[in-house]
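One-letter residues, chain by chain:
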2 protein chains.
Amino acid sequence: MSNQTIYYTLTDEAPALATASLLPVFSAFAKEADIELKLTDISLASRILASFSDLLPADQKVEDGLQFLGELTLTPEANIVKLPNISASLPQLTAAIKELQAQGYALPDYPESAETAEAKDIQARYAKVLGSAVNPVLRQGNSDRRAPAAVKGFARKNPHSMGKWKKTSVSHVDHMRSGDFYSTEQSVTMDSAQTVNIEFVAQDGSVEVKKSLPLLEGEILDSMNISCAKLREFFEASLQEAKEDNIMWSLHLKATMMKVSHPIVFGHAVTVFFKDVFEKYGELFKEIGVNPNNGLGSVYDKIKSLPEAQQEEIKQAIQAVYSTRPELAMVDSDKGITNLHVPSDVIVDASMPAMIRNSGKMWGRDGKAHDAKAVIPDRTYARIYQETINFCKTNGEFDPTTMGTVPNVGLMAQKAQEYGSHDKTYEVAAAGTMRVVDAQGNVLMEHAVEKGDIWRACQTKDAPIRDWVKLGVTRARQSNTPAVFWLEEERSHDNELRKKVELYLQEHDTTGLDIRIMPYNEAIRFSMERIIRGEDTISVTGNILRDYLTDLFPILELGTSAKMLSIVPMLNGGGMYETGAGGSAPKHVQQLMEENYLRWDSLGEFLAVAVSFEELGIKNSNEKAKVLAECLDKATGKLLDTNKSPSRKVGGIDNRGSHFYLAMYWAQELAAQTSDAELAAKFAPLAKTLTDQETTIVAELAEVQGKAANLAGYYNINLEEVAKVMRPSATFNQALASL
Amino acid sequence: MSNQTIYYTLTDEAPALATASLLPVFSAFAKEADIELKLTDISLASRILASFSDLLPADQKVEDGLQFLGELTLTPEANIVKLPNISASLPQLTAAIKELQAQGYALPDYPESAETAEAKDIQARYAKVLGSAVNPVLRQGNSDRRAPAAVKGFARKNPHSMGKWKKTSVSHVDHMRSGDFYSTEQSVTMDSAQTVNIEFVAQDGSVEVKKSLPLLEGEILDSMNISCAKLREFFEASLQEAKEDNIMWSLHLKATMMKVSHPIVFGHAVTVFFKDVFEKYGELFKEIGVNPNNGLGSVYDKIKSLPEAQQEEIKQAIQAVYSTRPELAMVDSDKGITNLHVPSDVIVDASMPAMIRNSGKMWGRDGKAHDAKAVIPDRTYARIYQETINFCKTNGEFDPTTMGTVPNVGLMAQKAQEYGSHDKTYEVAAAGTMRVVDAQGNVLMEHAVEKGDIWRACQTKDAPIRDWVKLGVTRARQSNTPAVFWLEEERSHDNELRKKVELYLQEHDTTGLDIRIMPYNEAIRFSMERIIRGEDTISVTGNILRDYLTDLFPILELGTSAKMLSIVPMLNGGGMYETGAGGSAPKHVQQLMEENYLRWDSLGEFLAVAVSFEELGIKNSNEKAKVLAECLDKATGKLLDTNKSPSRKVGGIDNRGSHFYLAMYWAQELAAQTSDAELAAKFAPLAKTLTDQETTIVAELAEVQGKAANLAGYYNINLEEVAKVMRPSATFNQALASL
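Only a predicted model underlies this, so the values are computations on that prediction, with no experimental measurement involved.

It is worth spelling out the interface of chain B and chain A at this point. At the junction of the two partners, chain B supplies 24 residues and chain A supplies 24 residues. Here chain B meets chain A over a buried area of about 2,000 Å², counting both sides, of which 38% is carbon and sulfur. If you sort the residues of chain B by the area they bury against chain A, Lys167, Thr168 and Thr394 of chain B come out on top, with a joint share of 30%. Counting the contacts that link chain B with chain A gives 12 salt bridges. For the salt bridge of Lys167 of chain A with Glu241 of chain B, the shortest nitrogen-to-oxygen distance reads 2.9 Å. The tally of links between chain B and chain A comes to 16 residue pairs in polar contact (both at pLDDT 80 or more). Element by element, the count of residues in the side of chain B that touches chain A is highest for helix α15 (residues 379-395) of chain B, at five residues. A breakdown of the residues in the side of chain B that touches chain A according to their chemical character gives three nonpolar, eight polar and 13 charged.

All names here are of chain B. Along its length, helix α11 (residues 275-288) reaches its greatest deviation from straightness, about 75 degrees, at Tyr281. Listed as buried for α11 are Val277, Phe278, Tyr281, Gly282, Leu284, Phe285 and Ile288. On the buried face of α11, the contacting elements are α10 (261-273), α12 (296-302) and α13 (308-322). Among the residues trailing α11, Gly289 stands out with phi positive, at a value near 85 degrees.

Residue and element names in this part refer to chain B. This structure, assessed with the given rule, holds 96 salt bridges over all chains. The partner of Glu219 in a salt bridge is Lys461, and the shortest N-O contact between them spans 3.1 Å. Within this pair, whereas Glu219 is found in the loop between β8 (207-215) and β9 (220-226), its partner Lys461 is found in the loop between β19 (454-460) and α16 (462-479), the two being separated by 242 residues in sequence. For Arg516, the salt bridge is made with Asp514, and the minimal N-O distance between the two is 2.9 Å. A relative accessible area of 33% means that Arg516 is categorised as partly exposed. With a relative accessible area of 29%, Asp514 lands in the partly exposed category.

When chain B is fitted onto chain A, the two copies agree to an RMSD of 0.1 Å after a turn of 180 degrees and an axial shift of 0.0 Å. Interpreted geometrically, this transformation is the action of a two-fold axis. Both copies contact each other with a shared surface, as 100% of the interface residues of chain B are interface residues in chain A too.

Residue and element names in this part refer to chain A. You can see Asp222 is positioned in strand β9 (residues 220-226). The buried charged residue Asp222 lacks any salt bridge partner; its closest oppositely charged side chain belongs to Arg491, at an N-O distance of 5.2 Å. Polar contacts involving the side chain of Asp222 include one to the side chain of Ser187, which spans 2.7 Å. Sequence-distant contacts of Asp222, that is, excluding residues within four places in its chain, are made with Gln186, Ser187, Met445, Arg456, Ala457, Cys458 and His493.

Now for helix α4 (residues 90-102) of chain A. Residue and element names in this part refer to chain A. For α4, spanning 13 residues, the distance from its first C-alpha to its last is 18 Å, which sits close to the expected 18 Å at 1.5 Å a residue. By the burial criterion, the buried members of α4 are Leu93, Ala96, Ile97, Glu99 and Leu100. For α4, the angular spread of the buried residues around the axis is 165 degrees, confining them to a single face. Seen from the open side of α4, the exposed residues pointing more than 90 degrees away from its buried face are Pro91, Lys98 and Ala102. Structurally, α4 contributes buried residues whose contacts are with α2 (44-51) and α5 (117-127).

In this section: the side chain of Ser223 of chain B. All names here are of chain B. Mapped onto the elements, Ser223 comes out in strand β9. Among the residues examined, Ser223 registers a relative accessible area of 0% and is labelled buried. Ignoring sequence-local partners within four residues, the contact set of Ser223 consists of Thr184, Glu185, Gln186, Met445, His447, Trp455, Arg456 and Ala457.

Residue and element names in this part refer to chain A. A grouping of Lys335, Lys587, Arg648 and Lys649 is seen on the molecular surface, where their side chains present a positively charged patch. Following the sequence through the fold, Lys649 ends up in the loop between α22 (623-641) and α23 (655-672). Residue Lys649 is classed as exposed on the basis of its relative accessible area, which comes to 65%.

Bringing the packing of aromatic side chains into the picture now. For the structure shown, the criterion picks out 52 aromatic pairs over all chains. Centre to centre, the rings of Trp249 of chain A and Phe273 of chain A are 6.2 Å apart; their planes meet at 45 degrees, and the pair counts as tilted. One end of the pair, Trp249 of chain A, is in strand β10 (residues 248-251); the other, Phe273 of chain A, is in helix α10 (residues 261-273), and 24 residues separate them in sequence. Accessibility classification places Trp249 of chain A together with Phe273 of chain A in one group, the buried group. Summarising the aromatic geometry, the rings of Phe274 of chain B and Tyr322 of chain B are spaced 5.6 Å apart at their centres and angled 90 degrees between planes, so their arrangement reads as edge-to-face. Taken together, the residues Phe274 of chain B in the loop between α10 and α11 and Tyr322 of chain B in helix α13 connect sequence positions 48 residues apart.

Turning our attention to the domain arrangement of chain A. Once the domains are mapped, chain A shows domain 1 (5-140 + 577-737) and domain 2 (172-180 + 227-395). Relative placement of domain 1 of chain A and domain 2 of chain A: their C-alpha centres are 37 Å apart.

All right, on to the sheet that holds strand β2 (residues 36-41) of chain A then. All names here are of chain A. The mixed open sheet is built from 10 strands, whose spatial order is β2-β1-β3-β24-β23-β4-β15-β22-β20-β21. In this open sheet, the two strands that pair with only one neighbour each are β2 and β21 (515-518). Here the strands of the sheet are splayed against their neighbours by 20 degrees on average, with no regard to which way each runs. Of the strand pairs in this sheet, strand β20 (residues 483-486) and strand β22 (residues 538-541) are connected by three bridges, and their pairing is parallel. In the strand pairing of β22, Val484 is matched with Ser539. In this fold helix α18 (residues 520-531) packs onto β20 and β21, with an angle of close to 155 degrees to the strand it touches most, β20.

Moving on, we get to the packing of helix α15 (residues 379-395) of chain A against helix α19 (residues 543-558) of chain A. All names here are of chain A. Interhelical geometry of α15 versus α19 gives an angle of 25 degrees and a closest axis separation of 11 Å. Taken together, the axis directions place α15 and α19 in an arrangement best described as roughly parallel. Where α15 crosses over α19, the handedness of that crossing is right-handed. Contact residues: α15 offers Tyr381, Ile384, Tyr385 and Thr388, while α19 offers Ile544, Leu545, Tyr548, Leu549 and Leu552. Here the residues of the contact of α15 with α19 sort into eight nonpolar, one polar and no charged.

Residue and element names in this part refer to chain B. Locating Phe285 in the fold gives a position in helix α11. Placed 228 residues apart in sequence, Phe285 and Pro57 show a C-alpha to C-alpha distance of 45 Å. In this structure Phe285 touches Val277, Phe278, Val290, Val299, Ile303 and Ile314, once residues within four positions along its chain are discounted.

With that out of the way, let us pick up the environment of Ala320 of chain B. Residue and element names in this part refer to chain B. Along the chain, Ala320 turns up in helix α13. Exposure remark for Ala320: the relative accessible area of 44% places this residue in the partly exposed category. Linking Ala320 and Phe274, residues 46 residues apart in sequence, is a C-alpha distance of 9.5 Å.

Each value, and the rule that gives it
Each chain has its residues counted from 1, following the order in which its sequence is written. Written order decides the labels, with chains lettered from A and ligands numbered from 1. Whole-chain, interface and lining totals are the exception, using all residues; otherwise, since this is a predicted model, local features are given only for residues with pLDDT of at least 70 and side-chain atom pairs are given and counted only at 80 or more. The side-chain quantities take in all heavy atoms of the structure and omit both hydrogens and water. By the convention used here, residues are in contact when the closest approach between their heavy atoms is within 4.5 Å. Buried area, as used here, totals the accessible surface that two parts lose on assembly, with accessibility defined by a 1.4 Å probe and the loss added over both. Between Lys or Arg on one side and Asp or Glu on the other, a salt bridge is scored when a side-chain nitrogen of the former is within 4 Å of a carboxyl oxygen of the latter. Polar contact is the term for a pair of N or O atoms within 3.5 Å; when the atoms are in protein, one must be able to donate a hydrogen and the other to accept it, and sequence-neighboring residues count only if both atoms are side-chain atoms. What counts as a helix is a DSSP run of H or I of at least four residues, what counts as a strand is a run of E of at least two, and both are numbered from the N terminus. Classification used: nonpolar for Ala, Val, Leu, Ile, Met, Phe, Trp, Tyr, Cys and Pro, charged for Asp, Glu, Lys and Arg, polar for all others including Gly. At any given residue, the bend is defined as the angle formed between two axes, one fitted to the seven residues that end at that position and one fitted to the seven that begin there. Between buried and exposed lies partly exposed: a residue is buried under 20% and exposed over 50% of the maximum accessible area for its type, with that area taken using a 1.4 Å probe on protein chains only. The copies were overlaid with a least-squares fit restricted to C-alpha atoms from residues scoring a pLDDT of at least 70 in each copy. Think of it this way: Lys and Arg go in the positive column, Asp and Glu in the negative one, and His and the chain ends go nowhere. To estimate how far a helix should reach, multiply one less than its number of residues by 1.5 Å. It is the directions from the helix axis to the C-beta atoms that the arc portrays. Here the term patch refers to residues with relative accessible area over 30% and no salt bridge, with like charges joined within 9 Å and nonpolar side chains (Val, Leu, Ile, Met, Phe, Trp, Tyr) within 5 Å. Only the protein chains shown count as covering a residue, and every accessible area follows the Shrake-Rupley method with a 1.4 Å probe. Charge positions are represented by NZ for Lys, CZ for Arg, CG for Asp and CD for Glu. Note on aromatic pairs: the rings of Phe, Tyr and Trp (six-membered ring only in Trp) are paired at centre separations within 6.5 Å, and the planes decide the class, stacked below 30 degrees, edge-to-face beyond 60, tilted for the rest. Boundary definitions for the domains trace back to an automatic or database domain assignment. Following DSSP output, two strands are said to pair if at least two bridges run between them. The angle between two axes is taken between their N-to-C directions and runs from 0 to 180 degrees, where each axis is a line fitted to C-alpha atoms and a helix contributes only its stretch in contact. By definition in this entry, angles of less than 35 degrees are roughly parallel, angles greater than 145 are roughly antiparallel, angles of 65 to 115 are roughly perpendicular, and the rest are oblique. If you view the pair so one helix is near and one far, a crossing is left-handed when the near helix is turned anticlockwise from the far one by less than a right angle, and right-handed when it is turned clockwise.

In structure tokens, the structure reads:
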């Protein structure tokens, strides 16, 4: 493994297509600094094939790219540029299997039910590929996310649209006041490594061990419980209040990521809202397999098996409910898709910033935006949105042309906190006690529970916390910006964490730094008071706040979180540079296939590769790499300033055109810089050629637009075939090759 | 002057009448501890007579009680119980003069205009009596205000009504975002004693010295300016926004206390709201003497001199304005009195807490309560109400049965801060520069000003600040409660003050105390977050926040600010114990005259006298005084618990009845206590008599109710005559006399 190597991931859909055009540019430039970019395939298709590699003939076997990168992350040499990939849902997985089978891979079908050992083995192999399977393997470090200077500068000069806030807005957040995770959290720090048991004690005293958890010394273990009864009471009261106050009702969860607990919460919202329907047809629904956790969509889906008259009756019963309830926020008013249709349609960390950006409004049945009661049951994080809403009512909407920025340092490594809780989350089957018992039989934590309660435990290891504190201090120092640890006395977990933060802060020289610890409400208020004065504040947070805040502030500052620089400094010294956010853009692929126009913006890749070069330059004292990095950043800034990012429609500059401009500006910057005469001399001819040939190249790129494009494969693409589509300018290709 | 003497003030109206009944009780009990209560007359009538004492015959001359007490406040022996007095408006003053003339005092009339030297002298003498003339003389110390334990305990058990807050309330505060005092404040601390000049520099360079100010070393001097143009723009924009958002518009100022600046601000609100009328009739209004600073009432008053047809035309023009403007909050919807009729009708420190207590609503034209835009132009203090409103929207209304308390330590001595600015406040006559120049000719501060701007300077002496810091620490220690100094970096004045606070805090042992410095928004939020958890927080504030917060929190906690203990520990070691708040209750006097029923509640006097006894006991090692104090507090608590406070209507226990019960409980407590056997023995017979005779005494007191009562004089009462009315129970009088 060379330490002059950058591992560039081949993923899925739009980013994968863009790679066919962009990687040749990066590679051509990089080799002048003796840097190699190695493409590593972690696409869904590749991951499927790797899972069944032992069953495939030799010529169809593939390297397990994800496993390779996973091992790499544990070494100090790791330098990975990670593009967005598919977190496969079941429909996506089966589509990919079908495509691979059609391409001649003898893969087994996904077994709906798994009775036999063989079926179980197949299901287990596929399960490893499902959902968020890549990030947990690669994110062997904490998170450093920020808006790069070029992006922030561009956003200030070219502000995104920001809805006006009225002082009379009635929008607000509604959350539980008791019985939520927040009010029930307990937390312990292990004073030695040992295995603890999660147990359920039934009312008859019998004990069921749900799970044995090996814990490290210094590891923090939390447990908490949502009362099913109080949750349902809360939904009912919230609905009645919204009805009385004539305000739209809008549920915000994160059922994708909190994939065990939030679908259950979502299901309760569905059955409370439509309680008339579920009371009447509950038994029938059970028979035909309706799962309210999958939303109202599941009802519409499953009743298709019923006689038409009965379907109609149920549909009418559903319609009748609407008149008894407050108006429900819509995901797609044209198609009648409400907030309660599909659990993954409204994802709190994206939906709440969008609401705040849209004057505090959600979309109504009439296709218009209305003030809304945003329902976020658990109070732990709900309150930060209410604080933001109050702030906007009081101070007006944020002004992207002047506002400061809130970078984040997030505790993420080794599945810290709630994001590692899925395998320790239980929907309680009967009244009793959930408890955690240590190796000596001492009860560390316990909760009295009722049937239907949602109990969970969360782990946070010590090493990631120590690294996170270090990263917070480092970022505060490097950017000369105040840093706030978001920790609050009301949370047991935070109190355990705080002890470690205070301890590990002592390991660093914090002279002259402004490092504070604040509860969430105060921290966000402090950050917002500063942001409207144009001042920056680093948020140093746990995993969920990391996730939420790196959507909230970027969306308010930049209009999107896709333009953030997202760095994972690995615990073992390597680095991963993530690009973009918001998925792998299937709609973009569709447009490419129909119109040979790819509107994917590779800005994230430009930014990530620059940091990747810089880091490699520092580690290997490779001065040329540093110059490449600096010039790449300048080129990106110029590309933004001259508006050469992809536009949305045929006729404009698309993804490929933006790559050309990046290459031209980059070459120009390299030719013009004076730090490295050799590089300047090397790139001067390329700069001249690209500058001279700009019109020709742009014309060649434009020529292909408007017709259908043929891609051999969707999930399992053939890069050579894709390159034919994605590199249509002979002049540009030749110029790059001449380097 | 004996240091065993308490000076009990004779004031005006209801409290003066109550004194005729209550003072004999206090005196009878006090003499057992060798304490004398001396009545000192500072009533409006007495102050008028004292002002003209040199012109009156010997038998009509009166002692100048206010001057006497003023001198007393400068001695460590001062122990003054100060009841509410009339802050005379001109109509009240002329009525008092008339009454005195009728009683045979040869006083001159108040001269409307003063041309001659004699008239000027008369006017000057009366001017000293007008307005808030007593407090500035007596308040030779800072302020310590809190809800006594008995009162707080009673309020928790017997909560006042508190309006529910809706999360969808649209009520909010609107304030200027620039051009207000807040944004223009400058501040300097004098490094030596010297006289500075306030100067106006005209555009032609000519300099007018407006005032010479002798300043002490260490004194803080501020200057600030409200832009007239920006103020008027703000009003117009605020009105248009309210119209657009269909919300009621409600102006909140403190024209009584900020008697120079706020009437001008009020006048601008009137002429902007009714700009159509003032544009059309402006010249005419000038001719007939309309002063918009006196409100719309002034228009209705002055147009009476015009022909009826013209009056009608103007009235119609006024009516026509209403349809072009948002609905205006009403002071009295039955009588059509709006928020803009009279500048003293809506006083921010009382009106905003009332609005917050009333679900965030003000009264509309329809006699119903509606959400409102509360307009408080200057941002300096406006923001605390917005913070409170946001808090109530988010957390619901406060719960008087569980909420904590926010006592106040206020910087008040020697006319600190804005409350001493009246003689240094100017409505600027022409564009130019207002500046402060030191003895060496250096410009300390300056503001570019336009015609109509309101410029002012404020002084804050060093000694009061030092004492205030000490009082803050003392109260934090004595009550073991966190104390927050409300100071913010955004204000120049506060930055000067903060230096002194940090310096003077070092003079005290603050070990184990929780003393913080916070900006206003944070401080009130911190206090409110604690208050809903039942926790107490001392607010250590400047003069205006003292005034505002000692209405806001008491009204939310207790339903009134009249039940607060209000202590002025004098700079020179004495103490003043102020009772009640909210004026001297002329309506109560009216009820007494019509129905011989006085509903005035002497609770404030009970509380103040107890502290007065206690202080005297400590200073003179008078153990009996301490026992009297303790037992008086217990008696007050019992009186509250047994609901023996005055009720509002004939047939209940009135002021006199409550005095009887206080005496009975007090005697019982004294007889039962074991600290001082002599006192117990002394009071046992009285306790027995009063307990035995309860029915008789209550009957005697009830018997007089319902008929008209004759008081000889309203302003200049005759205490002996009043005593005949106020002490109708022979049994009770005899029991007291037997002590």
